[in-house]
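Summary of the model geometry
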Amino acid sequence: MTAEFIAAQRTDHGVPHAVACRALDVAPSTFYKHLDRPLTQMQVRRRAADAEVKRAFDRSQGTYGSPRVRAQLRRDGVSVSKKTVEASMARQGLCARPNKKKGLTSQNPGNAAPEDLLRRDFSASGVSQKQFGGFKEVKTAEGPVFLATVLDLCSRRMAGFATSPTAELAKAAVNTAVATRGGDIKGVIFHSDKGSQYTAGAFAKACRRLGIARSTGRTGNALDNAPAESLFSTLQHELIDRRSWTTKAQA
């Protein structure tokens, strides 16, 4: 192991091997004997895995964590285990992003929020059974642009979305989702946080008209709205944080 560490110094840190040998009290003959020794099968497999993992990570521009790196490798026909990907990324220092502390949702105290109809049951056997709403502010040089989304739980596709300089978006996004699904999604459960745009009277009225059952998670508990949170986390990291917009029209 010491000889392996010394061998890495010239490549990774620019330290001559002779200096490293003296510093670690390793005989040069022992070190060079190590260099001449062929790689073991485990070392060959590890190097191959590291190369594939690094390739998939770089293709994502450094945005993928270990689950998505593994998913990409499997799509590319590379069979690899979850633990292998995690170990390889840790060994190579590949980290997609640090954890960030999230703030609490802004609520509308004038309207009562509906109960949680899902209770973290994130399963659906078909489309238009369960949908998740999310709301995001995107900053531009001209001021903020707001994005409202409707995510279908079964297909994991965006059934609808709307953007506007104003916060009157939740209803518009749902209307888009209804149009996308052929004009009728009666009986669908629409789940969101307790944000003011989802507890507003106008949104509640629109949902009643469309036959949508509203559902909200607990205040300050992002896991109750995990599918929407996951979507915005990806969007934030892979797009919003990586560029800036001069105008609202650009965003």
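Quick look at the structure, then.

**Focus on the pairing of strand β1 (residues 130-138)**
- In the sheet, β1 pairs with strand β4 (residues 189-192) via three bridges, with the strands oriented parallel. Looking at the pairing, Lys130 lines up with Ile189 of β4.
- Relative to strand β2 (residues 145-152), β1 is paired through eight bridges, and the arrangement is antiparallel. Considered in β2, the bridge of Lys136 is made with Leu147.
- Between β1 and the antiparallel strand that follows it, β2, lie six residues; Gly143 among them carries a positive phi value of about 120°.

**Regarding the packing of aromatic side chains**
- Under the criterion given, the structure shown has five aromatic pairs.
- Aromatic side chains Tyr198 and Phe203 sit 5.5 Å apart centroid to centroid with 75° between the ring planes, which places their arrangement in the edge-to-face category. Neither residue differs from the other here; Tyr198 and Phe203 are each classed as buried.

**Let's talk about the pattern of salt bridges**
- Applying the stated criterion across every chain yields a total of eleven salt bridges.
- In this structure, Lys54 engages Asp58 in a salt bridge whose closest nitrogen and oxygen atoms are separated by 2.7 Å. With a gap of four residues between them, Lys54 and Asp58 both fall in helix α4 (residues 41-59), about one helical turn apart.
- Note on Asp58: relative accessible area 41%, which makes it partly exposed.
- Arg218 is the salt-bridge partner of Asp224, the closest N and O atoms lying 2.9 Å from each other.
- Connected through salt bridges with shared partners, the residues Glu52, Arg55, Arg59 and Asp76 form a single ionic network.

**Some points on the sheet that holds β2**
- The sheet built from five strands is open, its strands ordered β3-β2-β1-β4-β5 with mixed pairing. Of all the strands in the sheet, just β3 (158-164) and β5 (213-216) have a single pairing partner and so form its edges. Taking each pair of neighbouring strands and ignoring which way they run, the sheet shows an average axis angle of 20°.
- Its contacts with the sheet place helix α7 (residues 170-180) against β1, β2, β3 and β4, and it is angled at close to 145° to β3.
- Contacting β1, β2 and β3, helix α10 (residues 226-238) crosses the sheet at an angle of about 35° to β1.

Thresholds applied
For every chain, the first residue of the written sequence is number 1, and numbering continues from 1 onward in sequence order. Whole-chain, interface and lining totals are the exception, using all residues; otherwise, since this is a predicted model, local features are given only for residues with pLDDT of at least 70 and side-chain atom pairs are given and counted only at 80 or more. To get the side-chain values, all heavy atoms of the structure are used, and hydrogens and water are removed first. Here, any two strands with at least 2 DSSP bridges between them count as paired. In this description a helix means any DSSP run of H or I spanning at least four residues, a strand means any run of E spanning at least two, and both kinds are numbered starting from the N terminus. When two rings of Phe, Tyr or Trp (its six-membered ring) have centres within 6.5 Å they constitute a pair, described as stacked for plane angles under 30 degrees, edge-to-face for angles over 60, and tilted for the intermediate range. When a residue's accessible area, from a 1.4 Å probe over protein chains only, is under 20% of the maximum for its type it is buried; when over 50% it is exposed; and in between it is partly exposed. One speaks of a salt bridge when a side-chain nitrogen belonging to Lys or Arg is within 4 Å of a carboxyl oxygen belonging to Asp or Glu. Structural elements are reduced to axes, namely lines fitted to C-alpha atoms, with helices fitted over the stretch in contact, and the angle between N-to-C directions of any two is expressed from 0 to 180 degrees. Note on definitions: a residue-residue contact is assigned when non-hydrogen atoms from the two residues lie within 4.5 Å.

Spatial relationships are all this shows, so hold off on functional conclusions.
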